[in-house]
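Report on the structure
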There are 2 protein chains.
Amino acid sequence: MTKRELKLGAFLLHNGHHVAAWRHPQADTGADPLRLYQHLAKTAERACFDAVFFADSVALTSGVGGLEPLTLLSAIAAVTDRIGLIGTATTTYNEPYHVARKFASLDRISRGRAGWNLVTSDNAAEAANFGRTEHVGHAERYERAKEFHQVVQGLWDSWEDDAILNDKQNAIQFDPQKLHTLQHHGKHFSVAGPLNVSRSPQGKPITVQAGGSETGKNLAAETADVVFTAHPTLASAQAFYQDLKARVEKAGRHRDDLKIMPGLFPVVAKTQEEAQRKFQLLQDLVTPKDGITLLGRMIGNFDLTPYPVDEPLPELPLTDNGQQSRQKLLTQLAQGENLTIRELYLRIAGGRGHFTLIGTPEHIADQIQLWFENDAADGFNIMSPYLPGGLEDFTELVVPELQRRGLFRTSYAGTTLREHLGLAFPKNRYAK
Amino acid sequence: MTKRELKLGAFLLHNGHHVAAWRHPQADTGADPLRLYQHLAKTAERACFDAVFFADSVALTSGVGGLEPLTLLSAIAAVTDRIGLIGTATTTYNEPYHVARKFASLDRISRGRAGWNLVTSDNAAEAANFGRTEHVGHAERYERAKEFHQVVQGLWDSWEDDAILNDKQNAIQFDPQKLHTLQHHGKHFSVAGPLNVSRSPQGKPITVQAGGSETGKNLAAETADVVFTAHPTLASAQAFYQDLKARVEKAGRHRDDLKIMPGLFPVVAKTQEEAQRKFQLLQDLVTPKDGITLLGRMIGNFDLTPYPVDEPLPELPLTDNGQQSRQKLLTQLAQGENLTIRELYLRIAGGRGHFTLIGTPEHIADQIQLWFENDAADGFNIMSPYLPGGLEDFTELVVPELQRRGLFRTSYAGTTLREHLGLAFPKNRYAK
Ligand SMILES: Cc1cc2nc3c(=O)[nH]c(=O)nc-3n(C[C@H](O)[C@H](O)[C@H](O)COP(=O)(O)O)c2cc1C
Ligand SMILES: Cc1cc2nc3c(=O)[nH]c(=O)nc-3n(C[C@H](O)[C@H](O)[C@H](O)COP(=O)(O)O)c2cc1C
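As named in an unreviewed UniProt entry, chain A is LLM class flavin-dependent oxidoreductase, taken from Undibacterium aquatile. Turning to chain A, the UniProt annotation filed under Sequence similarities (unreviewed entry) states: "Belongs to the NtaA/SnaA/DszA monooxygenase family."

Rendered as structure tokens:
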């Protein structure tokens, strides 16, 4: 077996992950978003990252919105060669034929670098943009997601690897024996197929997931190539890691077939003091309005504006929208340390519940190594505080330190995202 | 008034428009489709074309399929600067929020070059990929299209032109007075909005349409910026042109607000004989199987395989799938000239019912000028026989001749597709 190698994704959120990112004096606020994101992707590619990663919502959440991930990723594909391109598409307000087709198309355009982050919509506001008065419930969302995933996988097998012949002489464009209709007829979807995009360079694009419930973890264990997850502490990441890897094995797969990549919010500088100053600069830019909005959303969609910001967090009823665990975590944190609303929102203004590291490149590399070597992570999804500076800091300061330690590649060995992740080429279900 | 200027689109269909295009010895069969299409778009841009244009279907029609237009156009946007980028998205098997968002995103990525070809799905096979046992009927398709268009236009007005402030100092990212929800509640769609992509550089992407029925023409007259249409003769193009322009005026718009661009299938060479040889080369590559499939599809989805290919066309029942006019045209042609099935399919193997010109650059420019100056066309959508050679021939031989005659631009005056087409920037409905 070759040496186990750390995986790194660049999670690019609008202006950066800190809630005040856009106010940072050096933040690019995205007047020309394509130029910004192409620069970021090239920066991550020079540092040999496995992929860039875009979250998504089909409704306006906060701020001014962004670009649609698939169109954006194609424009990035055109100016990069190696880095993987992971975009989010919800199974709740989409049709599997469209999703299968778009990612297959991106995979061909990027010559094998596409990844689909399969989500079940954590933003209830999406419902009203798709003819519904209420968000689809948690159980139904996952039932639909599971069938959606099956259909997409089936469509990606429409063409066998060697179906296309383009034999001009004998007028045979493809082998009809190697083109397959799907004829899926299930509870949520009926999809005939075949897909009208031929077999993509990775066989199938990579599938990423990010759900924490029992149902979410089981679906990931059965089907995902990568899991993106949020853990503030080593202990919680280890518990999740061991739990999920056991489920992967129970589902009949090898534990290495699924890579677990927690989010990491890093603030890095040459000295610890400078890193703290960098972080404080952003913290000082958080307005009560933005802080309260963020906290209200993360604690279960509550309007906290009526409460005094410098008083303790009020008692809140238990939310029923599938975010109970995060609500409990935040409530306990506030009660345990007797935090005011302001103090509490400042705790989450940066990392939003993800692993947070503020310090020197050595300190950050130490912690990454600790998690990587102690069954807590196969890699990390880097959530830069602001853009583009936050990502540049990480690639210039932390990546070389990880490379010196032999934890991270210094050049790409393969050309596809699948190869970067060390995952096998999938056999077509119809192949003889 | 400035001089009226010809508009040119490059209609890029998989391997080219001739049914045997892929078998042409110099045809690129698309092993690396991105490289091919980027080359074609750059070729068209050097010749100052208004736009590249991609048709679409969400089902496999013939051949081996292609790429999904929106992802493809984004990857083209990244390597071009001026040329417009028109992609097709059906209103029949899509949701307006997704479509509005993707084209707004493409418009931002391309800095104002996006166009949406709004179609109502002429391919009945799409239904089975979206949970339906039957294709949606013609009347309902158009009713849905009309409401779909309204919703998309409304979402594109979500943000007023000057809504985004990015005032870091005062922590004001946007003016909430200038962000608008839509709250559309209609027969086919309920969409709250706002769109989560901010106002695009063209105000709104360009809308293209291509329907020939009464309903189709009325919808275009009320809403389209460009109409793509198929006419084999000057007389039929003139009748269509005058009819549609009159409808535009009846709808309260100026006749120049809608540009009519028929398809043009050109085979060009330095001499007439060479052009004929070029055409014959492709004609000789048509297999009976491909010819019969094409003819069967165009004459109303009939299976013609049981009939002898060198006997006259059999009597066929009248089709009811909205293609009656084309069926009549082809049947009359066959009867009038007593054509066999083979002779008939060879008549449509290239231009498929569109304006077809085989000859010298001067001959082709003469005909273009004739149509342009005699109320038959505002421009043409160039349907190259095969790719990339067919488009290269047109840009190298015909475009300079059009430029010499002062009919076509020698450099771009503006930067957006809207400017190329000479269309006004749309006022936001909420602007005071
Ligand atoms: C780390 C993480 C990232 C997520 N990213 C998205 C996203 O980009 N878009 C989205 O609609 N949902 C996103 N989700 C929501 C999940 O898809 C899912 O709907 C939610 O977590 C509830 O499922 P669960 O109870 O299994 O966690 C994310 C969830 C997690 C934990
Ligand atoms: C020139 C032309 C191009 C068209 N392109 C497409 C296309 O790319 N995809 C599609 O689904 N339908 C396409 N259509 C079909 C139309 O959107 C419409 O469904 C069909 O023409 C029937 O409407 P009608 O009776 O108004 O012509 C096209 C039609 C015409 C005339």
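Here the narrative resumes, following the displayed structure.
The next thing to look at is the site of ligand 1. Residue and element names in this part refer to chain A. Taken together, 16 residues sit near ligand 1, with Asp56, Thr120, His138, Tyr142 and Ser213 positioned nearest. Here ligand 1 has 610 Å² of accessible area as a free molecule, and 84% of this is covered by the chains. Per-element tally for the shell around ligand 1: the top contributor is helix H4 (residues 138–156), with three residues. Classifying every residue of the shell around ligand 1 gives five nonpolar, eight polar and three charged.

Turning our eyes to something else, we now look at empty space enclosed by the protein. Under the defined criterion, the tally for this structure stands at eight cavities of 30 Å³ or more. Around the largest cavity, the lining comprises 17 residues; the ones closest to its centre are His98 and Lys102 of chain A together with Glu68, Ala89 and Asn94 of chain B. Those elements that provide at least two residues to the lining of the largest cavity are helix H3 (96–109) of chain A together with helix H2 (69–77), strand E3 (84–90) and helix H3 (96–109) of chain B. For the lining of the largest cavity, the element with the highest residue contribution is H3 of chain B, accounting for four residues. Residues that form the lining of the largest cavity fall into these classes: six nonpolar, six polar and five charged. Of the pockets and cavities examined, the second largest cavity occupies roughly 130 Å³. Glu68, Leu70, Ala89 and Asn94 of chain A together with Lys102 of chain B are the residues nearest the centre of the second largest cavity, which is lined by 16 residues in total. Put simply, the parts of the chain that give the lining of the second largest cavity at least two residues each are helix H2 (69–77), strand E3 (84–90) and H3 of chain A together with H3 of chain B.

Tallied over the entire structure, the rule returns 31 aromatic pairs over all chains. Centre to centre, the rings of Phe355 of chain A and Trp371 of chain A are 3.7 Å apart; their planes meet at 15 degrees, and the pair counts as stacked. A residue pair is termed long-range when its members are at least 10 positions apart, and Phe355 of chain A in strand E12 (residues 355–359) and Trp371 of chain A in helix H11 (residues 361–373) qualify at 16 residues. Here Phe355 of chain A and Trp371 of chain A have matching classes, each one buried. Judged by centre distance (6.3 Å) and plane angle (85 degrees), the ring pair of Trp116 of chain B and Trp156 of chain B falls under edge-to-face. Residue Trp116 of chain B is found in strand E4 (residues 114–119), and its partner Trp156 of chain B is found in helix H4 (residues 138–156); the two are separated by 40 residues along the sequence. For the residue pair Trp116 of chain B and Trp156 of chain B, the accessibility class agrees, reading buried in each case. Members of the aromatic cluster, each reached through a chain of ring pairs, are Phe103, Trp116, Phe148, Trp156 and Phe189 of chain A. Sitting over the ring of Phe372 of chain A, Arg4 of chain A keeps its end group 3.9 Å from the ring centre.

Residues and elements named next belong to chain B. Ligand 2 sits among 16 residues. The nearest are Thr120, His138, Tyr142, Gly212 and Ser213. In this structure, Gly212 approaches ligand 2 through a main-chain N or O atom, which is 2.7 Å from an oxygen atom. Out of a free accessible area of 610 Å², ligand 2 has 84% covered by protein chains. Per element, the largest residue contribution to the shell around ligand 2 is three residues, and it comes from H4.

This paragraph deals with the domain arrangement of chain A. All names here are of chain A. The domain boundaries assigned to chain A delineate domain 1 (7–267 + 353–420) and domain 2 (287–348). Inter-centroid distance (C-alpha atoms) of domain 1 to domain 2 is 29 Å. Residue-level contacts link five residues of domain 1 with five residues of domain 2. For the pairing of domain 1 and domain 2, the buried interface totals around 560 Å² over both sides, and the portion due to carbon and sulfur atoms is 58%. Our enumeration of links across domain 1 and domain 2 arrives at zero salt bridges. Viewed at the interface, domain 2 and domain 1 are joined by zero residue pairs in polar contact (both at pLDDT 80 or more). Across the side of domain 1 that touches domain 2, the residue classes break down as two nonpolar, one polar and two charged.

Each copy superposes on the other: chain B lies on chain A with an RMSD of 0.1 Å after a rotation of 180 degrees and an axial shift of 0.0 Å. Taken together, the rotation and translation relating the two chain copies correspond to the operation of a two-fold axis. Proximity to the rotation axis, assessed at the C-alpha, singles out Ala75 of chain B in chain B; its C-alpha lies 2.2 Å from the axis. Residue by residue, 100% of the interface of chain B is reproduced at the interface of chain A, so both copies engage with the same surface.

The next thing to look at is the interface of chain B and chain A. Chain B puts 69 residues into the contact, and the matching count from chain A is 69 residues. Considering only the surface of chain B that becomes buried against chain A, Trp22, Val64 and Lys168 of chain B emerge as the three largest contributors, covering 13% of it. Taken together, the links from chain B to chain A amount to four salt bridges. Among the salt bridges present, the one from Asp32 of chain B reaches Arg111 of chain A, with a minimum N-O distance of 3.0 Å. For the interface between chain B and chain A, the tally reads 38 residue pairs in polar contact (both at pLDDT 80 or more). Counting residues per element, the ones that place at least two in the side of chain B that touches chain A are helix H1 (33–46), H2, H3, strand E5 (164–167), strand E6 (172–174) and strand E8 (190–191) of chain B. No other element matches H3 of chain B, which puts seven residues into the side of chain B that touches chain A. A per-class count over the side of chain B that touches chain A returns 32 nonpolar, 25 polar and twelve charged.

Glancing now at the side chain of Gln209 of chain B. All names here are of chain B. In this structure, Gln209 sits in strand E9 (residues 206–209). A residue is classified by how much of its surface remains accessible, and Gln209, at 3% relative accessible area, is buried. Polar side-chain contacts of Gln209 include one of 3.3 Å to the backbone nitrogen of Ala220. There is a polar contact of 2.8 Å between the side chain of Gln209 and the side chain of Thr223. Apart from the residues lying within four places of it in its own chain, the contact partners of Gln209 are Asn117, Leu118, Gly216, Leu219, Ala220, Thr223, Ala224, Val226, Val227 and Phe228.

For the rest of this paragraph, the subject is unusual backbone geometry. All names here are of chain A. Going from Gly193 to Pro194, the amide bond is cis rather than trans, its omega being -5 degrees. In this structure, Pro194 sits in the loop between strand E8 (190–191) and strand E9 (206–209). Non-glycine residue Cys48 carries a positive phi angle of around 65 degrees. With respect to the element layout, Cys48 can be found in the loop between helix H1 (33–46) and strand E2 (51–54).

Residue and element names in this part refer to chain A. By the criterion of burial, strand E4 (residues 114–119) is predominantly enclosed, with six of the six residues buried. In E4, alternate side chains face the same way, and those of Ala114, Trp116 and Leu118 on one face and Gly115, Asn117 and Val119 on the other are all buried. Bridge count for E3 against E4 is six bridges, and the pairing is parallel. Its bridge partner lying in E4, Leu85 is registered against Ala114. Taken together, E3, H3 and E4 form a β-α-β motif whose crossover is right-handed.

Cut-off values and rules
Residues numbered from 1 in each chain as written. Chains lettered and ligands numbered in written order. Predicted model: local features only at pLDDT ≥ 70, side-chain atom pairs only at ≥ 80, totals over all residues. Heavy atoms only, no water. UniProt positions renumbered as here; feature names shortened; annotations may be inferred. Near = heavy atom within 4 Å. Areas by Shrake-Rupley, 256 points an atom, 1.4 Å probe, with all protein chains shown as cover. Helix = DSSP H or I, 4+ residues; strand = E, 2+ residues; numbered from the N terminus. Nonpolar A, V, L, I, M, F, W, Y, C, P; charged D, E, K, R; others polar. 1 Å grid on protein atoms, 1.4 Å probe; cavity = no way out; pocket = protein on both sides within 12 Å on 5 of 7 lines; lining within 4 Å. Points joined across faces, edges and corners; volume = space filled by probe spheres on them. Phe/Tyr/Trp six-rings, centres within 6.5 Å; stacked < 30°, edge-to-face > 60°. Buried < 20%, exposed > 50% of the residue type's maximum accessible area, 1.4 Å probe, protein only. Lys NZ or Arg CZ within 6 Å of the ring centre and 35° of its normal. Polar contact = N/O pair within 3.5 Å; in protein donor to acceptor, adjacent residues only side chain to side chain. Domains from an automatic or database assignment. Contact = heavy atoms within 4.5 Å. Buried area = accessible area lost by both parts, 1.4 Å probe. Salt bridge = Lys/Arg side-chain N within 4 Å of Asp/Glu carboxyl O. Least-squares fit on C-alpha atoms with pLDDT ≥ 70 in both. Pairing = 2+ DSSP bridges. Right-handed = clockwise from strand over helix to strand, strands pointing away.

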